[in-house]
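Breakdown of the fold
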Amino acid sequence: DKINDNGNNRRRRWFSKVKVNNLSSNASAGSNASSVSSTAKMRTANNNSNNTSKYTSGVKYRSATSTQRALDELKRKRMEAQEKKRALTILCLLAVVAFAVHFTNKSSHGDGIDAIYGKAFRGSKDKQYGDVKDLGYGGERVPSSQELVPASKEKPSDGQVAGNNGGEDADFYSTDYELPPPVEKEYDEEHNFLEPLRHFADVKDPHRPTDTALFFHVPRAGGSTIKDMIGKCLKLVQSSEVGVRDGHDKDSTLEVLDVKESKYVNVDTTTVPGIQRAVDMGLAAAGVADVVVSSYYHESAALFDLNHQGRAFMMMRNPIDRAVSMYWHRVKEIGDLDAEVSIEDYAQGNGIENNWMTRFMTNRMTGELTKDDMEQAKQILKEKFLIGLLDDLDETVYRVMKYNEWKFSTDETEKMKQEDCIQDLITVGSAINPEPYEIPTRGTQAYALITWQTQFDSKLFEYAKQLFDEQTKQWGTKERKKLLKKQKKKGN
C-alpha cells in the first residue's frame, strides 16, 4: 500500500506539472495572439489614416456653428428680399389709388367743363356784340352825399324769404371745403381806397359756399351774351331789372320768378334804389341769387358782408369799338340820340361816355381823372376781378364757370342741351347791333376824338389783357396754359 501511495503521488505530481505547463503554454499563446491582433489593428488604422490624408490633403471643414451661421445669413437675406417686394407692392397700390382719386375728384369738380371747353369754340369774332339795355350812361344815380345803408348782419328768418334755396346758414364753414372762417381785410394808407370793397373776395381767394357772384356789367361789351348763358343755358338765378317787372318791385319778401326760360329774384340790382331795396331785404344772406348783375360796383358792395362775400367778374372790350357800338345802339335801337348827330359830334361830347370803366370802377363820376385814379383802377382790377374778354369769349366762359364753381346738369341729356346752348351763344351772340357799321380808322377825326374820350379806359384795357394772361395759370384751360408756356419759351 505504501508503494502504491508513493506511485500515486508521483503520478499526481506529474499530471500537475503537465497541467501547469499546458496552462502556461495556453496563456503564452493567448498573449501572442492578442499582441498580433493589436498590431494588426494599429496597422489598419495607420493605413486608413494614410489613405484619408491622401484624399483630403489641404481641405478644411467648417465647424457646426459656422454652418449654422451661414444658414441664418441666407434666411435673413431671403426675408429682406420678401420685405422689399412687399413694400414695393404696397407703394404701387397706393400710387394707383392716389391716381384714381385725383382724376375722380377732377372730373366731379369740373362736371364735364373740360369736355366742352377743352377745344376752343369756333366763335365768330367779327360779330358786334351788345346789350338790349345799357346801363351807366343814363341810369338813375343818387347824389354823391347819399350813401347806401349796409344790410343788417342778422340773418333773415325762414319766413322772411319765400323760395329760399339756401336755407339756414347754421354753420357757414362746416362743408367739404374745410376753409377757415374769413377775416376782415385791413389796408394800409396807400391802399385805403380798397377798404369799401373789403367784402368783395380777392380774385385769388378760394370759393366759399356762401359767396355770391357779381357780374360787373360794362355796356356793349357782351354782357347780354353772358347773362343769357347764365339764365337760359345754366339755369342759374339772377338779380337784375327783369325781376321787378309786373309790379314785383312792391313785393315784401324775396321770391324767385320764372321769366322766359330764365329765373330772376324780384329785386333790381341795376339801379341804386334797387340795390338799396335788395340790401334791406337781405339778398346776399338769403342765398336766393346765384348771380348779382349790376353796373354799380361800389354801390353793390353794401349787399355783402364778411360771411356773405361777392365774387366779381367782368367782360371787357376794346374801348374804341365799345364807344362806336354804343353810338349806333342809341341811334338805331334806343332812339335817345338824334340820327342827325354824327359820330364826330357824338365824340366831341354830345352823348359819349368819358372813360366809363375807369370812372365806374373808381367811383369818380365827375371831374378830371388823374394818374392816381388810373393806378387805383388797375389795383382794383388786379385784386378784385376775374377778367373776361369779348375777343376771347370761349376761354372767358370756361374761366367764369370755374371761378364761380358753376356746373352742368348731372343728367346727360340736359347737359348736352346746356353745352349746345353755350356754343350757340358764343358763335352768334345776344343783342348784337342789327345793322353793320364801320369803326373809324386811325387818322380820322372821329378816331382821334374817341381815343381822347377813352384814353384812360384804353390803358386799363391793355392792363386787363396782361391780367388775363396772368390769370391763365389759376383759371385757364389746359390748352391755353400750354400755349402760354410755349409763348414764354419762345420769348426767352
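Residues numbered from 1 in each chain as written. Predicted model: local features only at pLDDT ≥ 70, side-chain atom pairs only at ≥ 80, totals over all residues. Heavy atoms only, no water.

**Some words on the overall build of the protein**
Tallying secondary structure elements over the protein gives 17 helices and seven strands in all. Put simply, the protein has 492 residues, and 41% of those count as buried. In the protein, the share of contacts with a sequence separation of at least 24, taken over all contacts with a separation of at least 6, comes to 79%. With an accessible surface of roughly 28,600 Å², the protein has 51% of that area assigned to carbon and sulfur atoms. (Helix = DSSP H or I, 4+ residues; strand = E, 2+ residues; numbered from the N terminus. Buried < 20%, exposed > 50% of the residue type's maximum accessible area, 1.4 Å probe, protein only. Contact = heavy atoms within 4.5 Å. Areas by Shrake-Rupley, 256 points an atom, 1.4 Å probe, with all protein chains shown as cover.)

**A short note on the packing of helix 11 (residues 371–384) against helix 15 (residues 455–470)**
Remark: helix 11 packs on helix 15, axes separated minimally by 10 Å, with the N-to-C direction vectors making an angle of 30 degrees. Classified by the interaxial angle, the pair formed by helix 11 and helix 15 is roughly parallel. As for the relative orientation of helix 11 and helix 15, their crossing is right-handed in sense. Residues Met 374, Ala 377, Lys 378, Leu 381 and Lys 382 of helix 11 pack against Phe 456, Lys 459, Leu 460, Tyr 463, Ala 464 and Leu 467 of helix 15. (Axes fitted to C-alpha atoms, helices over the stretch in contact; angles between N-to-C directions. Parallel < 35°, antiparallel > 145°, perpendicular 65-115°, else oblique. Left-handed = near helix turned anticlockwise from the far one by under 90°.)

**Thoughts on a nonpolar patch on the surface**
A surface patch of nonpolar side chains, about 310 Å² in accessible area, is lined by Ile 90, Leu 91 and Leu 94. Topologically, Leu 91 is positioned in helix 2 (residues 64–110). (Patch = residues over 30% accessible without salt bridge, like charges linked within 9 Å, V, L, I, M, F, W, Y side chains within 5 Å. Salt bridge = Lys/Arg side-chain N within 4 Å of Asp/Glu carboxyl O.)

**Some details on the state of the cysteines**
Going through the model one piece at a time under the given rule, you end up with one disulfide. Paired through a disulfide, Cys 233 and Cys 421 show a sulfur-sulfur distance of 1.9 Å. With the S-S dihedral at roughly -70 degrees, the linkage between Cys 233 and Cys 421 falls on the left-handed side. With a gap of 188 residues between them, Cys 233 in helix 4 (residues 223–233) and Cys 421 in helix 13 (residues 412–428) connect regions that are remote in the sequence. For Cys 233, a relative accessible area of 1% corresponds to the buried category. (Disulfide = S-S within 2.5 Å.)

**Observations regarding empty space enclosed by the protein**
Scanning the entire structure with this criterion turns up three cavities of 30 Å³ or more. Roughly 70 Å³ of internal volume is contained in the largest cavity. Residue lining of the largest cavity: Ile 226, Met 229, Ile 230, Leu 234, Val 397, Val 400, Met 401, Trp 406 and Ile 422, and that is the complete set. If you list the elements that add at least two residues to the lining of the largest cavity, you get helix 4 and helix 12 (393–404). Of the residues contributing to the lining of the largest cavity, the split by class is nine nonpolar, no polar and no charged. (1 Å grid on protein atoms, 1.4 Å probe; cavity = no way out; pocket = protein on both sides within 12 Å on 5 of 7 lines; lining within 4 Å. Points joined across faces, edges and corners; volume = space filled by probe spheres on them. Nonpolar A, V, L, I, M, F, W, Y, C, P; charged D, E, K, R; others polar.)

**Examining the nonpolar core**
Core analysis: the biggest nonpolar cluster contains 51 residues, and Phe 216, Leu 283, Leu 381 and Phe 385 have the highest contact counts within it. Every element with two or more residues in this core is listed here: strand 1 (212–216), helix 5 (272–280), helix 6 (283–286), strand 6 (310–316), helix 10 (356–362), helix 11, strand 7 (385–389) and helix 15. Per-element accounting of this core gives the leading share, seven residues, to helix 15. When near neighbours in sequence (up to four residues on either side) are disregarded, Leu 283 contacts Ser 239, Leu 254, Val 265, Val 267, Thr 269, Ala 278, Val 288, Ala 289, Val 292 and Leu 303. Within the second largest apolar cluster, 26 residues are counted, among which are Cys 233, Val 397, Met 401 and Trp 475. (Core = buried A, V, L, I, M, F, W, Y, C linked by side-chain atoms within 4.5 Å.)

**Concerning the pairing of strand 5 (residues 291–294)**
Neither face of strand 5 is exposed, since Val 291 and Val 293 on one face and Val 292 and Ser 294 on the opposite face are all buried. Alignment of strand 1 against strand 5, held across four bridges, turns out to be parallel. If you follow Leu 214 over to strand 5, its bridge partner there is Val 292. Pairing between strand 2 (residues 237–239) and strand 5: two bridges, direction parallel. Along strand 5, the bridge assignment pairs Gln 238 with Val 291. (Pairing = 2+ DSSP bridges.)

**Remarks on the pattern of salt bridges**
Counting across every chain of the model gives 17 salt bridges. Notably, a salt bridge pairs Arg 399 with Glu 395, separated by 2.9 Å at the nearest N-O pair. Of this pair, Arg 399 and Glu 395 both sit in helix 12, four residues apart, which is roughly one turn of that helix. Each member of the pair, Arg 399 as well as Glu 395, carries the same accessibility label: buried. Put simply, Glu 73, Arg 76 and Glu 80 are held in one network by salt bridges that share partners.

**Notes on the packing of aromatic side chains**
Counted under the stated rule, the structure contains 14 aromatic pairs. Relative to Phe 385, the ring of Tyr 297 has its centre 4.8 Å away and its plane inclined at 45 degrees; by these criteria the two rings are tilted. Of this pair, Tyr 297 sits in helix 7 (residues 297–300) while Phe 385 sits in strand 7, and the two are 88 residues apart along the sequence. Judged by relative accessible area, Tyr 297 falls into the buried class, the value being 1%. Each ring, one from Phe 313 and one from Trp 406, has its centre 6.1 Å from the other, and the planes form 80 degrees; the classification is edge-to-face. Of this pair, Phe 313 sits in strand 6 while Trp 406 sits in the loop between helix 12 and helix 13, and the two are 93 residues apart along the sequence. For the pair shown, Phe 313 and Trp 406 are each scored as buried. An aromatic cluster is built from Phe 200, Phe 216, Tyr 296, Tyr 297, Phe 304, Trp 356, Phe 360 and Phe 385, whose rings are joined through pairwise contacts. (Phe/Tyr/Trp six-rings, centres within 6.5 Å; stacked < 30°, edge-to-face > 60°.)

**Re helix 13**
Taking 1.5 Å as the rise per residue, helix 13 with 17 residues should run 24 Å; its terminal C-alpha atoms sit 24 Å apart, in good agreement. Here helix 13 has its buried residues at Lys 415, Gln 418, Glu 419, Ile 422, Leu 425 and Ile 426. Taken around the axis of helix 13, the buried residues stretch over an arc of 130 degrees, which confines them to a single face. Along helix 13, exposed side chains directed more than 90 degrees from the buried face belong to Met 416 and Lys 417. Of the residues that open helix 13, the one with a side-chain oxygen 3.3 Å from the backbone nitrogen of Thr 413 is Asp 411. Backbone geometry just after helix 13 places Gly 429 at a positive phi near 90 degrees. (Expected span 1.5 Å × (residues − 1). Arc of directions from axis to C-beta. Polar contact = N/O pair within 3.5 Å; in protein donor to acceptor, adjacent residues only side chain to side chain.)

**Structural notes on the sheet that holds strand 1**
Spatially, the seven strands line up as an open sheet ordered 3-4-2-5-1-6-7, and their pairing is mixed. On the outer flanks of this sheet lie strand 3 (256–259) and strand 7, each paired with one strand and no other. Adjacent strand axes in the sheet meet at a mean angle of 30 degrees when their direction is disregarded. Packing against the sheet, helix 11 makes contact with strand 6 and strand 7, and its axis sits at approximately 95 degrees to strand 7.

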